[in-house]
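What follows is each chain in one-letter form.
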Amino acid sequence: RHCCDFMNGRYFWIMFVIAMCDTISSILSIPAIIFMDPILFRILNQIYLPINMVMGYFYADKRYKLTHFIGIGIIINSIITMFFFMSMKDGKTLVFSMRDFLLFLLIICSKIPSAFSENYKEWHIKELDMDVWCVTAFVSAIQLVLSLPLGLTVLLPMPEYIPEMV
C-alpha cells in the first residue's frame, strides 16, 4: 500500500491505538525511571518479554519454542534473584517500602500497553498488508503529537529532595 493510504479511516485508527498504547507505557514508566536505581530499572524492564509472550500467544496466535521458554525462565529467575539480594543488606533482611512496591508495580503495569501495542501492530500489519516503514513513520508522528502537551511538565519545579530506594 502507498503511504498516503494510511491516513484513511481504519488505518489511522489502527496507528492511533498503537501510538496511544506506546505513549501510555512511556508515561507510566516515568516515575520509575526517576526514582529507581538504573540497574534495577533495567532488570525489571525485562518483565516486558514474558508479558509480550503471553499476549502474543492469546492475541496474535504466536507459538513458542523451548528456547523461548528457557529465556523467559532466565529473566524471571534474574528478577527473583535481584529481589532476594536487594532485600539483604549487611546480613539483615530489609523490608521494601510501599513506595518501592508501587514503583515495581508501575513498571509491570507500564509493560502491558507496550506489549499490547507490539502484538496489535504485528497482527494488523500482516492482516492488512501494511508497509512497516510507513506505519512506523506515522505512529512516530502521532506519538509526537500526543506527547507535545507533556512537554510543559519540564516547567514544573523539581523537588529539592529525591528519596532513595531502601
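This paragraph deals with the nonpolar core. With 17 residues, the main nonpolar core has A32, M36, L40, L44, I79 and I107 as its most contacted residues. Contributions of two or more residues to this core are made by α2 (38-45), α3 (48-59), α4 (66-86) and α5 (98-128). Not counting chain neighbours up to four residues away, the residues in contact with I79 comprise I43, L44 and I47. Within the second largest apolar cluster, twelve residues are counted, among which are Y11, Y120, M130 and V139.

Mapped onto the fold, I79 is located in helix α4. Looking at I79, the relative accessible area reads 8%, which means it is buried.

Taken together, the side chains of I27, I30, I34 and L150 make up a nonpolar region of the molecular surface, amounting to roughly 320 Å² of accessible area. For I27, the location among the structural elements is in helix α1 (residues 9-35).

Where α1 meets helix α6 (residues 132-147), the axes come as close as 9 Å, and the angle between the chain directions of the two elements is 55 degrees. By the angle between their directions, the pair α1 and α6 is classed as oblique. The two elements α1 and α6 cross, and the hand of that crossing is right-handed. Between α1 and α6, the residues in contact are F12, M15, F16, I18, A19, M20, D22 and T23 and V135, F138, V139, I142, Q143 and L146, respectively. In terms of residue class, the contact of α1 with α6 is built from eleven nonpolar, two polar and one charged.

Reading the values: rules and limits
Residues numbered from 1 in each chain as written. Predicted model: local features only at pLDDT ≥ 70, side-chain atom pairs only at ≥ 80, totals over all residues. Heavy atoms only, no water. Core = buried A, V, L, I, M, F, W, Y, C linked by side-chain atoms within 4.5 Å. Buried < 20%, exposed > 50% of the residue type's maximum accessible area, 1.4 Å probe, protein only. Helix = DSSP H or I, 4+ residues; strand = E, 2+ residues; numbered from the N terminus. Contact = heavy atoms within 4.5 Å. Patch = residues over 30% accessible without salt bridge, like charges linked within 9 Å, V, L, I, M, F, W, Y side chains within 5 Å. Areas by Shrake-Rupley, 256 points an atom, 1.4 Å probe, with all protein chains shown as cover. Salt bridge = Lys/Arg side-chain N within 4 Å of Asp/Glu carboxyl O. Axes fitted to C-alpha atoms, helices over the stretch in contact; angles between N-to-C directions. Parallel < 35°, antiparallel > 145°, perpendicular 65-115°, else oblique. Left-handed = near helix turned anticlockwise from the far one by under 90°. Nonpolar A, V, L, I, M, F, W, Y, C, P; charged D, E, K, R; others polar.

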